[in-house]
Each structure stands twice: as C-alpha cells, then as structure tokens.
Amino acid sequence: MKFFRKKRVFALLLLLFVVFLFYNTKLLGSWMYPVYYKNDIKISAENYNVDPFLIAAIIRVETNFNPEKTSRKGAIGLMQLMPDTAQWIVDKADYADRTLNSLERPDVNIEVGAWYLNSLSNQFEGNRIAVLGAYNAGPGNVRKWLQNNTWDGTLKNINQIPFGETRHYIQRVMYYHNKYISLYQEDFGTDLALAPSYSK
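Structure report, in brief. (Residues numbered from 1 in each chain as written. Predicted model: local features only at pLDDT ≥ 70, side-chain atom pairs only at ≥ 80, totals over all residues. Heavy atoms only, no water.)

1. Remarks on the overall build of the protein
Okay, step 1: A tally of regular secondary structure across the protein gives nine helices and zero strands.
Okay, step 2: If you list the helices and strands of the protein from N to C, you get α-α-α-α-α-α-α-α-α.
Okay, step 3: Buried positions account for 44% of the 200 residues belonging to the protein.
Okay, step 4: Counting only contacts in the protein whose residues sit at least 6 apart along the sequence, the fraction spanning at least 24 positions is 57%.
Okay, step 5: Roughly 11600 Å² of accessible area belongs to the protein as shown, and the carbon and sulfur atoms make up 54% of that amount. (Helix = DSSP H or I, 4+ residues; strand = E, 2+ residues; numbered from the N terminus. Buried < 20%, exposed > 50% of the residue type's maximum accessible area, 1.4 Å probe, protein only. Contact = heavy atoms within 4.5 Å. Areas by Shrake-Rupley, 256 points an atom, 1.4 Å probe, with all protein chains shown as cover.)

Put into structure tokens, the structure is as follows:
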C-alpha cells in the first residue's frame, strides 16, 4: 500500500513540475537554449552594429559555446574563424598582431567575428540571409550565386543554394536566432534583430 502511495505522490510531483514548466515557458526555454558570454556578445554587437542574436546563433551552431573547439579545417574559437580569414580581418581592421594568437579567447573571437559580420553585411547590403551564406560558404561563392541568378538571396528560395551544408547552416542559425529573440530580447535590450533587412 505504501509503495502505491509513494508512486502517486511521485506522479503528482512530476505532473506539477511539468505544469510549472509549461506555464513558465521562458524558464524552460532558457534552460534548453542557454546563451553564454552575453556581455561579450552585447559589447561586440554594439561596437559593430551587428545583431547580437545573430552572433549568439552562429556561436551555437558553430561550437555550442565551446571556445576550445577547432575544426578539421583549422577554424578557431567560438565563431570558428579560419586563420586566413582572421589574418585578413586583423589587417583590414588594423587589430594588433597579437590578436591572431588570442583567437581562442572568447572575447577576442567574438570581437573579430562581429567585425567580420559587419563587413559581410556591408558587402551584401544588409541582407542577413546572404551574410549567413557568406559566413559559411565564403563571400566569393555567395556573390557568384547572386550575380548569375543561381540564388536570389532570400530565405524563401534557400533551396536554390548549391551547397547543402550552407542551406542547412542558414536554417539552423535562423532557428536559434528566432529562439534567442523570443527568450532574451530584454537581456540584450536591442531591436537590431528586428531590422527589415532580416526578412531578405
């Protein structure tokens, strides 16, 4: 009898916990979709006028917030910057040479990554979907696809992108971007994510 009573109490507690989570969707969401390095993301986003939720979503997809991850191709840090790209950024942005040796540091990696996103945004006239494509496949490929009408640069026609990896990448980043907006809008205190160019 005691056994069944304990089972009922456990079932009731479990039910109450599930109901609590259901009604507190933000708590559940932040547990399922955490964002780390918020301050570094916010500072770099403000410095370069970049959507902080885009930075967070890219980090989630690239490394799941693990700063020690290095890809087989040699990409470094939270935002998985390729050494050649990082060198180009250091030269263009006039960063100190020591920046290259510090790319594994989260704050440095996010800063350099945010600068690069701003540069890509300028290259693709604020089209953030094209920016994501360029971040994954390289700006040269995206420019070629847009110029020869292989892809029109919209999310709606993402199936036109020749690289399956890039299509999947954009979809994943977009998914987390939308999650982060709904969960952390107040934390970042910005409306950059809602800019019209995001709909392209």
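Read on, since the account is not over.
2. Some details on the pattern of salt bridges
Okay, step 1: Applying the stated criterion across every chain yields a total of two salt bridges.
Okay, step 2: Between Asp-51 and Arg-128 there is a salt bridge, with its nearest N and O atoms 3.2 Å apart. One end of the pair, Asp-51, is in the loop between helix 3 (38–48) and helix 4 (52–63); the other, Arg-128, is in helix 7 (residues 128–137), and 77 residues separate them in sequence.
Okay, step 3: Taking relative accessible area as the criterion, Asp-51 reaches 3% and is therefore assigned buried.
Okay, step 4: Residue Asp-107 pairs with Arg-105 through a salt bridge whose shortest N-O separation is 2.6 Å.
Okay, step 5: Under the relative-accessibility criterion, Asp-107 is labelled partly exposed at 28%. (Salt bridge = Lys/Arg side-chain N within 4 Å of Asp/Glu carboxyl O.)

Note that all results are geometric; they support no functional claim without further evidence.
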